[in-house]
Amino acid sequence: MIFDAEVFQITILSLQISALATGLSLFIGLPFGTLLALGKFPGRSFLMSMVNTGMGLPPVVVGLFVAMMLWRSGPLGDLRLIYTPTAIIIAQVIISFPVVTGLTAAALQALDPRLRLQLYGLGASRGQMVWSLWREARLPLLAALMAGFGSVISEVGASMMVGGNIRYQTRVLTTAIVLETGKGHFDTAIALGLLLLTITFLVNWALTWIQQRGARR
Amino acid sequence: MKHLIEIRDLLVKRGQRPALQLDYLTIDKGEVLAIVGPNGAGKSTLLLTLARLLRPEHGEILFNGQQTRSESDTDYRRRIALVMQDPLLFDTSVFDNLASGLHFRGAAKDEIYQRVPFWLERLGVAHLSKRRAGQLSGGEAQRVSLARALVLEPQLLLLDEPFSALDPPTRAGLLDDLGVLLSETETTTVFVTHDLPEAAQVAERMAVISGNRLRQVGKPEDLFASPIDQEVAQFLNHKTFVNIRTII
């Protein structure tokens, strides 16, 4: 495998899948983390423990679970999603959503609790209060986004199990590295590894730049 | 209608314990009412209840003679503004801090650009307009916090010991300015403090709260001259209090 159209396609697919999975994790994790941080309801600390446990979920276990669900004979088999990019996205969302949720809750809990009262005391509605708290915690929230993206772009076990590493369809950078290593093509595997590292660095560099620009202002 | 606020038969609990019991209290339009009392007496509880940040067990608060129970919390709170002990400024510029409450109310850009510079000027912090909130001194931050509340031109201003963390000279300067501003704008104000000279300087009436109950309300000079009982006298540091009933 050389740096050609196939590598380009794998790289784009990896980025698409991880970006979509991170976006969905943020979409679910930000409100859920906010609810855990600010809400008072029965079972809150149990849910918090679940989320914290979820932050360390082994990707292969997630892969196994999603594969069982999406398997042809499984409960969601009729959806015919196994060995598709959608299956990888589902698995990656399950991996990164607890990371985003847990770090969002931690970021909001680190704020002065009186800030909520102050916002209400200036006439903020509930939505405006939450939006303002997100603004106040924007630096750690960006860190949560980076951690969420990091957990999925580098993930291999679940992608392999539910995506199947099918050429031109579900092969992503991490599964391609595993394949090339298995075939003894270490030079190609190293090249793909460097490409993955470069992409990860560039994305995190961009997010860090945004984060630190916010910190300096 | 003389009263802006009328409180009747109020009971507020924090946890299972009563934090404030108040049979009747009125606050006149344009008046500055100081709430004084020892720590834990229920002063801040009253303020937070007036801001609808605590919900009473029972009782009613009339605003301009109208029941407020059916009004949403947000609609109610948009008639008031709260300043807390710490400035709690937002991590943005001084200008944006002042604009925040106006944004919450959906104010037009023109109105924001008219009102914010005016109130920055009134509080003597116009030169800090572009400064980040985190770069301000304690006194500057509290001035900005007051401006952030006053820019809303609230019907009721709630101040919760806003000067307690400041050094004496800064505090004196800010107190002088606040007194002038409140009298010029005729803003109805409830001012919680445990500093009696501070209360006497700014307020037209003082309410003494002790043991989670309202003990006495009146002009500062009347309270100092004739405290209602031993406890109020002790709090007011009234060394010559004589309990007439005991003598009789």
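Residues numbered from 1 in each chain as written. Chains lettered and ligands numbered in written order. Predicted model: local features only at pLDDT ≥ 70, side-chain atom pairs only at ≥ 80, totals over all residues. Heavy atoms only, no water.

Trainee: Just checking my understanding: could you explain the overall build of chain B for this structure?
Mentor: The helix and strand tally for chain B stands at 10 helices and 10 strands. Over its C-alpha trace chain B gives a radius of gyration of 19 Å, about what one expects of a compact globule, namely 18 Å for 248 residues. If you line up chain B on its principal axes, its C-alpha atoms span 65 × 45 × 35 Å. Burial statistics for chain B: of 248 residues in total, 54% are counted as buried. Partitioning the intrachain contacts of chain B with sequence separation of at least 6 by distance along the chain shows that 66% fall at a separation of at least 24. When the accessible surface of chain B is summed, it comes to about 11400 Å², and 48% of that surface belongs to carbon and sulfur atoms. With 29 positive and 32 negative side-chain charges, chain B shows a separation of 4 Å between the mean positions of the two kinds. (Helix = DSSP H or I, 4+ residues; strand = E, 2+ residues; numbered from the N terminus. Rg over C-alpha atoms; globule rule 2.2 N^0.38 Å. Buried < 20%, exposed > 50% of the residue type's maximum accessible area, 1.4 Å probe, protein only. Contact = heavy atoms within 4.5 Å. Areas by Shrake-Rupley, 256 points an atom, 1.4 Å probe, with all protein chains shown as cover. Lys, Arg positive; Asp, Glu negative; His and termini not counted. Charge placed at Lys NZ, Arg CZ, Asp CG, Glu CD.)

Trainee: Hey, could you run me through the nonpolar core in this one?
Mentor: If you look at soluble globular proteins, the nonpolar side chains tend to sit buried side by side. Of all hydrophobic cores here, the largest spans 103 residues; its most connected members are Ile-5, Ile-7, Leu-46, Leu-50, Val-116 and Leu-158 of chain B. The contacts of Leu-158 of chain B, once residues within four sequence positions are left out, are Leu-47, Leu-50, Ala-51, Ile-80, Ala-81, Leu-82, Val-83 and Val-190 of chain B. With 18 residues, the next largest nonpolar core counts Ala-21, Val-62, Ala-158 and Val-172 of chain A among its residues. (Core = buried A, V, L, I, M, F, W, Y, C linked by side-chain atoms within 4.5 Å.)

Trainee: Looking at this structure, I do not really get the packing of helix 1 (residues 5-38) of chain A against helix 6 (residues 126-136) of chain A. What am I missing?
Mentor: If you want to describe how two helices pack, look at the angle between their axes and the distance between the axes. All names here are of chain A. Running from N to C, helix 1 and helix 6 point in directions that differ by 100°, and their axes come no closer than 12 Å. When the interaxial angle is binned, helix 1 and helix 6 end up roughly perpendicular. Listed contacts from helix 6 to Leu-30, Thr-34 and Leu-38 of helix 1 are Met-129, Val-130, Leu-133 and Trp-134. Partitioned by chemical class, the residues of the contact of helix 1 with helix 6 number 6 nonpolar, 1 polar and no charged. (Axes fitted to C-alpha atoms, helices over the stretch in contact; angles between N-to-C directions. Parallel < 35°, antiparallel > 145°, perpendicular 65-115°, else oblique. Nonpolar A, V, L, I, M, F, W, Y, C, P; charged D, E, K, R; others polar.)

Trainee: Honestly, the interface of chain B and chain A in this entry has me stumped. Any pointers?
Mentor: Quoted interface sizes are often the accessible area lost when the parts come together. Taken residue by residue, the interface counts 25 residues in chain B and 19 residues in chain A. Summing both sides of the interface, chain B and chain A together bury roughly 1900 Å²; the carbon and sulfur share of this comes to 56%. Taken as a group, Leu-88, Phe-90 and Phe-104 of chain B account for 30% of the area that chain B buries against chain A, more than any other trio of residues on that side. Linking chain B with chain A are 2 salt bridges, by the criterion used here. The shortest N-O distance in the salt bridge between Asp-86 of chain B and Arg-114 of chain A comes to 2.8 Å. Here chain B and chain A share 9 residue pairs in polar contact (both at pLDDT 80 or more) between them. The set of elements that each furnish at least two residues to the side of chain B that touches chain A consists of helix 2 (73-77), strand 6 (80-83), helix 3 (94-104) and helix 5 (138-150) of chain B. A breakdown of the residues in the side of chain B that touches chain A according to their chemical character gives 13 nonpolar, 5 polar and 7 charged. (Buried area = accessible area lost by both parts, 1.4 Å probe. Salt bridge = Lys/Arg side-chain N within 4 Å of Asp/Glu carboxyl O. Polar contact = N/O pair within 3.5 Å; in protein donor to acceptor, adjacent residues only side chain to side chain.)

Trainee: Help me understand helix 6 (residues 168-185) of chain B, please; the structure alone is not making it clear to me.
Mentor: Side chains three or four residues apart in an α-helix point the same way, a direct result of the helix having 3.6 residues per turn. Residue and element names in this part refer to chain B. The terminal C-alpha atoms of helix 6, which comprises 18 residues, lie 25 Å apart, in line with the 26 Å expected from a rise of 1.5 Å per residue. Taken together, the buried residues of helix 6 touch strand 3 (32-36), helix 4 (109-122), helix 5, strand 7 (156-160), strand 8 (188-192) and helix 7 (196-202). Once helix 6 finishes, Glu-186 follows within two positions and takes phi at roughly 50°, a positive value. (Expected span 1.5 Å × (residues − 1).)

Trainee: I would appreciate a short explanation of the environment of Thr-34 of chain A in the present structure.
Mentor: All names here are of chain A. Tracing the backbone shows Thr-34 in helix 1. As for Thr-34 and Leu-108, which are separated by 74 residues in sequence, their C-alpha atoms are 7.0 Å apart. Of note is the side chain of Thr-34, whose polar atom sits 2.9 Å from the side chain of Trp-134.

Trainee: Help me understand the confidence of the model for chain B in this model?
Mentor: The predicted coordinates of low-pLDDT regions are not to be read in fine detail. All names here are of chain B. Confidence in the prediction of chain B, expressed as mean pLDDT, is 91, and 95% of residues score 70 or more. Between the elements of chain B, mean pLDDT differs from a low of 49, seen in helix 10 (residues 244-247), to a high of 98, seen in helix 3. Across the assembled chains, the prediction reports ipTM 0.91 with pTM 0.89. (pLDDT = per-residue confidence, 0-100.)

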